[in-house]
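# Survey of secondary and tertiary structure
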Amino acid sequence: MSPGGSGDQPLRGKVAVVTGAGRGIGRAIALAYAESGAAVCCTARTREQIDDTAALIRRAGGTGIAVAADVTDPEAVTRMFDAAVEALGGVDILVANAGGVLESKPVTEGDPALWEATVAVNLFGAYHCIRAAIPHLRRRGGGKILTMGSGMGHNGLAGHSAYCCAKAALWMLVRVSARELWADGISVNELIPGPVLTDATRGGGAVAGIDSEWVKSPEEVVPLALFLATQPDVGPTAQSFSLMRRDG
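Residues numbered from 1 in each chain as written. Predicted model: local features only at pLDDT ≥ 70, side-chain atom pairs only at ≥ 80, totals over all residues. Heavy atoms only, no water.

## Let's talk about the nonpolar core
Membership of the largest hydrophobic core comes to 38 residues, with the highest contact counts inside it found for Val17, Cys41, Val77, Met80, Phe81, Leu94 and Ile145. Residue contributions to this core peak at ten residues, all from helix α4 (residues 112-139). The residues touching Met80, leaving out its near neighbours within four places in the chain, are Val17, Cys41, Thr43, Val67 and Ala69. Membership of the second largest hydrophobic core comes to 34 residues, among which are Ile25, Ala30, Ala66 and Leu146. (Core = buried A, V, L, I, M, F, W, Y, C linked by side-chain atoms within 4.5 Å. Buried < 20%, exposed > 50% of the residue type's maximum accessible area, 1.4 Å probe, protein only. Helix = DSSP H or I, 4+ residues; strand = E, 2+ residues; numbered from the N terminus. Contact = heavy atoms within 4.5 Å.)

## A short note on the packing of helix α1 (residues 24-35) against helix α7 (residues 222-229)
At a minimum axis distance of 10 Å, the contact between α1 and α7 shows a crossing angle of 55 degrees. Accordingly, the angle class assigned to the pair α1 and α7 is oblique. Of the two elements, α1 crosses α7, and the hand of that crossing is right-handed. Counted together, Ala28, Ile29, Ala32 and Tyr33 of α1 and Val222, Ala225, Leu226 and Ala229 of α7 form the full contact between these two elements. Here the contact of α1 with α7 is built from residues that sort into eight nonpolar, no polar and no charged. (Axes fitted to C-alpha atoms, helices over the stretch in contact; angles between N-to-C directions. Parallel < 35°, antiparallel > 145°, perpendicular 65-115°, else oblique. Left-handed = near helix turned anticlockwise from the far one by under 90°. Nonpolar A, V, L, I, M, F, W, Y, C, P; charged D, E, K, R; others polar.)

## Some points on the packing of aromatic side chains
A complete count under the given rule lists one aromatic pair for this structure. Ring plane angle 65 degrees and centroid distance 6.3 Å describe the contact between Phe227 and Phe241, whose orientation is recorded as edge-to-face. Of this pair, Phe227 sits in helix α7 while Phe241 is found in strand β7 (residues 240-242), placing the two residues 14 residues apart along the sequence. Given the relative accessible area of 37%, Phe227 is considered partly exposed. Judged by relative accessible area, which is 19%, Phe241 ranks as buried. We note Lys216 situated over the ring of Trp214; from NZ or CZ to the ring centre the distance is 4.6 Å. (Phe/Tyr/Trp six-rings, centres within 6.5 Å; stacked < 30°, edge-to-face > 60°. Lys NZ or Arg CZ within 6 Å of the ring centre and 35° of its normal.)

## Side note on empty space enclosed by the protein
Following the criterion strictly, the structure yields one cavity of 30 Å³ or more and no others. Empty space within the largest cavity amounts to approximately 50 Å³. Every residue lining the largest cavity is listed: Tyr33, Ile93, Lys144, Ile145, Leu146, Ser187, Asn189, Leu228 and Ala229. Contributing elements (two or more residues each) for the lining of the largest cavity: β5 (143-148), β6 (186-192) and α7. Of the residues forming the lining of the largest cavity, the biggest block, three residues, is contributed by β5. Partitioned by chemical class, the residues of the lining of the largest cavity number six nonpolar, two polar and one charged. (1 Å grid on protein atoms, 1.4 Å probe; cavity = no way out; pocket = protein on both sides within 12 Å on 5 of 7 lines; lining within 4 Å. Points joined across faces, edges and corners; volume = space filled by probe spheres on them.)

Have a look at this one:
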């Protein structure tokens, strides 16, 4: 990570919390934010993966810590933010990226427990993180909240009702939270990466059934995530930014 000027490191002096930072999109964003000067708290349920991400950041000359937390547990999320603030001095950016497809069957064939678990990690997990981040962002006088949305939350996809419903509700949470927080200088936006080739989708998964789309690497999501993190505090809010090629 270059020790260059603020032009090279537009996030210098900022602290970012990135959930799901152990792999895929979250890992790519955590590394990129650190390279851009931010101190990064990497969090996920799997300690080994986030330890590796934080170690990569530190080896490159950045500041990175790993704090294991299950985002579906509100008390664990609160402890995670407290640990980030204690170690790094505050929080300026939240990337609520943790999620996954746990139930991929038609409504009539699905497992209700898996359906609820899918909603819990994709919706409630983001809610717990947003709620816990707000007091810390207010203490900094503003900040950014970025959620990882999905085109499936806007248009649906057969066989993925739980994921689609969770992402649709998350998009509404973004818009409501943005209205509640605009006076605090806190922006809340959604990033829709579209289909991304990760460990979770390499065998098909959420990428299946989407033809004529740009199937990208996690690193190709980074420029938009950086753009949103570097906007003015009075910049865009309650917006959905999509990397999909088409509406569907």
